[in-house]
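Inside the fold
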Amino acid sequence: MAKFYTEPSRTFSEYLLIPNLTRRDCTTERVSLRTPIVKHGRGEQPRLALNIPFSSAVMQSVSDDVMAVALARSGGISFIFGSQSVAEQARMVGKAKAFKAGFVVSRSNLTPDHTLADVRALKASTGHSTVAITDDGTPRGKLLGIVTSRDYRDSRDPADKPIRAFMTPYASLVCGRSGISLPEANDLIWEHKLNVLPIVDETQRLEHLVFRKDYDAHKEYPLQLLDANKSYVVGAGINTRDYKERVPALVAAGADILVIDASDGYSEWQRDTIEYIKSNFDIPVGAGNIVDREGFRYLVAAGADFVKVGIGGGSICITREQKGIGRGQASALIEVAEERDRYYEETGIYVPLCSDGGIVHDYHITLALAMGADFVMMGRYFARFDESPTRKLKVGNNFVKEFWGEGSNRARNWQRYDSGGKENLLFEEGVDSYVPYAGGLQENLDKTLGKIKSTMCNCGSISIPELQREARITLVSATSLVEGGAHDVMIKETGLSGD
Ligand code: IMP
């Protein structure tokens, strides 16, 4: 006979945290959100930890190289989507890794034989007003000059004027030598009143550009997540089909951590994939998604470095209605976290959990952490920001960003939903949608992090492990849910006269 679970499957909105005594030392400035993302032994430092417990979803509409840089700069991690060619994904990983805080690979490049028309066209397509002029027009060619808008008169100069006739030539440029530190580069920028400092090697080959504004930005990101070479930490999604091609390319491109991205991860394919990675590479790999203790034990036995929890709770997800599988995110997380703790007691090995999908309100993140997650993965949350890869559109009077599921026809990510069948999606498990545009990532993160820290202080905790140990969590009745929002008052609409 089938096994029945007597408890209903619950979601985050059905729970609240009960405040604990707030000690005098519980202030938001003292809260640390640092959290491990790979397994480690008792008392050992994990090989990889985040400075904020956030990861962006392995989705075309969320995590590309731009998001990866932006989120690592804020202390979290992106897993660059795998539903693209191996070469394209490796290129994105490489690009994010090459983005040294303050040192950027030149994105706009031409040769001296190009013309002013080419400069204008490039500027129109990239928005960059600084163009590096190299012998072969590549970002790593021999630097021959620089063109900025100060070098030509837009209205007067003829379109066919060759760049060599108006660029600032190499001999007149102030350049830094490779190996220069950011403070040294900044000193040169200030001394010579520059907007951009090219960094070249001993053979005059261009390596990076340092912009004055980037240096300022760098100083604003105290939580940025860097590897030993001072590059941003970058993750990448893989599947259980083409991993023998994909993993070597991602490792070569510099990925720091991988995650097997699958709708249902309790499978022998995941075990095979982990085994292959562990016997050929030295790179951590997370696995999932699972929603119960059996799935957790299976993936941990296979060698997973972290385990991702959640089936059917994603904002764009229609898996539950299409297939009837899944579990309320809170119930899934509570059970898996309990099993993780048991495993830790038995073996002394701590396996971090990622709660993936279904975060609707900021407080859901705090609840997920309190229930035992070490970090969360979010799609909708990040899709709303400037840094997500999709178009910003105006629908009616509102700005929106496009956001589509990996199981939608638009993404065509059949590998994520693969059950060993044909190479196509028989039916959709995700929708194509819009989310309200919300501005830049950092300003939104600051607000969300402020709320999490404040709640942690209410709960008498200044670290995530402390919150996991000390939190008191209560179910809410359907009736008391009503009093959770503003109630029995008339909300003032903005725009009314007198506002
Ligand atoms: P969100 O944060 O609620 O938007 O959920 C994001 C999560 O939904 C992702 O990390 C995936 O685990 C999951 N997901 C992404 N695309 C799909 C889909 O098309 N169908 C079902 N789940 C999806």
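Residues numbered from 1 in each chain as written. Predicted model: local features only at pLDDT ≥ 70, side-chain atom pairs only at ≥ 80, totals over all residues. Heavy atoms only, no water.

**So, the overall build of the protein chain**
Here is the rule we go by: Here a strand is any run of E in DSSP of at least two residues, a helix any run of H or I of at least four, and the numbering for each starts at the N terminus. Restricting the calculation to C-alpha atoms gives the radius of gyration, and the globule rule supplies 2.2 Å times the number of residues raised to the power 0.38. In this scheme, a residue with accessible area under 20% of its type's maximum is buried, one over 50% is exposed, and one in between is partly exposed, where area comes from a 1.4 Å probe on protein chains only. Contacts: residue pairs with any heavy atoms within 4.5 Å of one another. The Shrake-Rupley method, run with a 1.4 Å probe sphere, supplies the accessible areas, and residue values consider only the shown protein chains as cover.
The helix and strand tally for the protein chain stands at 15 helices and 25 strands. Here the C-alpha radius of gyration of the protein chain, 25 Å, is about what a compact globule of 499 residues would show, namely 23 Å. For the C-alpha atoms alone, the extent of the protein chain along its principal axes is close to 80 × 65 × 45 Å. Here the protein chain, with 499 residues, has 52% of them falling under the buried criterion. Of the contacts formed within the protein chain by residues at least 6 apart in sequence, a portion of 65% connects residues at least 24 apart. When the accessible surface of the protein chain is split by element, carbon and sulfur atoms take 50% of a total near 23,500 Å².

**Comments concerning empty space enclosed by the protein**
What counts here: The definitions used throughout rest on a 1 Å grid laid over the protein atoms alone, on which a cavity is an enclosed set of points accommodating a 1.4 Å probe that cannot get out and a pocket is an open set flanked by protein within 12 Å on both sides along at least five of seven lines; lining residues are those having an atom within 4 Å of a point. Grid points are joined across faces, edges and corners, and a volume is the space filled by probe spheres set on the points. Each residue gets one label: Ala, Val, Leu, Ile, Met, Phe, Trp, Tyr, Cys and Pro are nonpolar, Asp, Glu, Lys and Arg are charged, and the others, such as Gly, are polar.
Following the criterion strictly, the structure yields 2 cavities of 30 Å³ or more and no others. What lines the largest cavity is Val 58, Gly 82, Ser 83, Gly 237, Ile 238, Asn 239, Asp 261, Glu 406, Asn 413, Gln 415 and Arg 416. Of the residues belonging to the lining of the largest cavity, the class tally is 2 nonpolar, 6 polar and 3 charged.

**So, the nonpolar core**
Side chains of nonpolar character tend, in soluble globular proteins, to be buried together. In plain terms, the rule: Each nonpolar core is a collection of buried residues, namely Ala, Val, Leu, Ile, Met, Phe, Trp, Tyr and Cys, held together in the definition by side-chain atoms within 4.5 Å.
In this structure, Phe 54, Leu 258, Phe 296, Val 307 and Phe 382 are the most contacted members of the largest nonpolar core, which totals 100 residues. For Phe 382, the contacting residues outside a window of four places in its chain are Phe 54, Ser 55, Ser 56, Val 62, Met 67, Leu 71, Ser 388 and Leu 441.

**Here's the deal with helix H3 (residues 116–126)**
Note the cut-off: Arc definition: directions from the helix axis to the C-beta atoms.
The complete set of buried residues in H3 reads Leu 116, Val 119 and Leu 122. Seen along its axis, H3 keeps its buried residues to an arc of 120°; they face one direction. With respect to the buried face of H3, the exposed residues turned more than 90 degrees away are Ala 124 and Ser 125. The inward-facing, buried residues of H3 abut strand E8 (109–110), strand E9 (131–134) and strand E10 (143–147). Downstream of H3 by a residue or two, Gly 127 has a phi angle that is positive, lying close to 80°.

**Focus on the sheet that holds strand E22 (residues 392–395)**
Note the threshold: Whether two strands pair depends on DSSP finding at least two bridges between them. Under this scheme, a helix contributes an axis fitted over its contacting stretch, all axes are lines through C-alpha atoms, and angles between N-to-C directions fall in the 0 to 180 degree range.
Taken in spatial order, the 3 strands line up as E22-E23-E24 in an open sheet, and their pairing is antiparallel. Here the strands that pair on one side only, and so sit at the sheet edges, are E22 and strand E24 (432–436). The mean angle between the axes of side-by-side strands here comes to 45°, regardless of whether they run parallel or antiparallel. Relative to E24, strand E23 (residues 398–404) runs antiparallel, the two being bridged by 5 bridges. Paired with Trp 404 across the two strands is Asp 432, which belongs to E24.

**Overview of the site of the ligand**
How we decide: The criterion for a residue being near a molecule or strand is simple. One of its heavy atoms has to lie within 4 Å of it.
Lining the immediate surroundings of the ligand are 24 residues, of which Ser 315, Asp 356, Gly 379, Gly 407 and Glu 429 lie closest. Considering the ligand on its own, with 500 Å² of exposed area, one finds that the protein chains cover 96% of that surface. Its residues assigned to classes, the shell around the ligand comprises 8 nonpolar, 11 polar and 5 charged.

**Quick word on the environment of Glu 14**
Put simply, the rule reads: What qualifies as a polar contact is a pair of N or O atoms within 3.5 Å, subject to a donor-acceptor requirement within protein and to the restriction that residues adjacent in sequence count only when both atoms come from side chains.
Locating Glu 14 in the fold gives a position in the segment before strand E1 (15–18). Each C-alpha atom, one on Glu 14 and one on Lys 308, is 21 Å from the other, the two residues being 294 residues apart in sequence. The contacts of Glu 14, once residues within four sequence positions are left out, are Ser 9, Thr 474, Leu 475 and Val 476. One polar contact links the side chain of Glu 14 to the main-chain amide nitrogen of Thr 11, over a distance of 2.9 Å.

**Considering the packing of helix H8 (residues 293–302) against helix H10 (residues 329–347)**
Rule in force here: We call two directions roughly parallel when the angle between them is under 35 degrees, roughly antiparallel when it is over 145, roughly perpendicular when it lies between 65 and 115, and oblique otherwise. It is the rotation of the near helix from the far one that decides the hand of a crossing: anticlockwise by less than a right angle makes it left-handed, clockwise makes it right-handed.
For the pair H8 and H10, the least separation of the axes is 8 Å and the interaxial angle reads 45°. Overall, the two elements H8 and H10 adopt an arrangement that is oblique. The two elements H8 and H10 meet at a crossing, and its hand is right-handed. In contact with Arg 293, Glu 294, Phe 296, Arg 297 and Val 300 of H8, H10 contributes Glu 335, Val 336, Glu 338, Glu 339, Arg 340, Arg 342, Tyr 343 and Glu 346. Class assignment for the residues of the contact of H8 with H10 results in 4 nonpolar, no polar and 9 charged.

**A short note on the layout of surface pockets**
The line we're drawing: A domain assignment, automatic or from a database, supplies the domain bounds used here.
One number sums up the size of the largest pocket: a volume of about 790 Å³. Taken together, 26 residues line the largest pocket, and the ones lying closest to its centre are Phe 99, Val 104, Val 105, Arg 107 and His 128. Broken down by secondary-structure element, the contributors of at least two residues to the lining of the largest pocket are helix H1 (65–74), helix H2 (86–98), strand E14 (206–211) and helix H5 (212–219). The element contributing the most residues to the lining of the largest pocket is H1, with 5 residues. Within the lining of the largest pocket, the residues separate by chemical class into 11 nonpolar, 7 polar and 8 charged. Each of two domains, domain 1 (12–100 + 224–483) and domain 2 (103–212), supplies a minimum of three residues to the lining of the largest pocket. Roughly 650 Å³ of volume is contained in the second largest pocket. In terms of lining residues, the second largest pocket is bounded by 27 residues, among which Arg 340, Tyr 350, Asp 374, Pro 465 and Gln 468 are the most central.

**Describing the UniProt feature "active site" (unreviewed entry) in the protein chain**
Short version of the rule: UniProt positions are given in the numbering used here, feature names are shortened, and annotations may be inferred rather than shown by experiment.
As annotated by UniProt and renumbered to match this structure, "active site" (unreviewed entry) occupies Cys 317 and Arg 416. Of the residues just listed, which span 100 residues, no C-alpha pair is farther apart than 12.8 Å, and they cluster in one region. Lining the largest cavity, from the set of annotated residues above, are Arg 416. When you line up the elements, Cys 317 lands in the loop between strand E18 (306–309) and helix H9 (319–323).

**Examining the packing of helix H6 (residues 243–253) against helix H7 (residues 268–280)**
For the pair H6 and H7, interaxial distance at closest approach is 11 Å and the crossing angle is 40°. As far as their axial angle goes, H7 and H6 are oblique. Considering only the axes of H6 and H7, their crossing is right-handed. Where H6 approaches H7, its residues Tyr 243, Lys 244, Val 247 and Pro 248 are matched on the opposing element by Asp 272, Thr 273, Tyr 276 and Ile 277. Classifying every residue of the contact of H6 with H7 gives 5 nonpolar, 1 polar and 2 charged.

**Let's talk about unusual backbone geometry**
Omega for the peptide link from Gly 288 to Asn 289 comes to 5°, which places this bond in the cis form. Topologically, Asn 289 is positioned in strand E17 (residues 285–290). Phi at Arg 412 is positive, roughly 50°, even though this residue is not glycine. Within the secondary structure layout, Arg 412 lies in the loop between E23 and E24.

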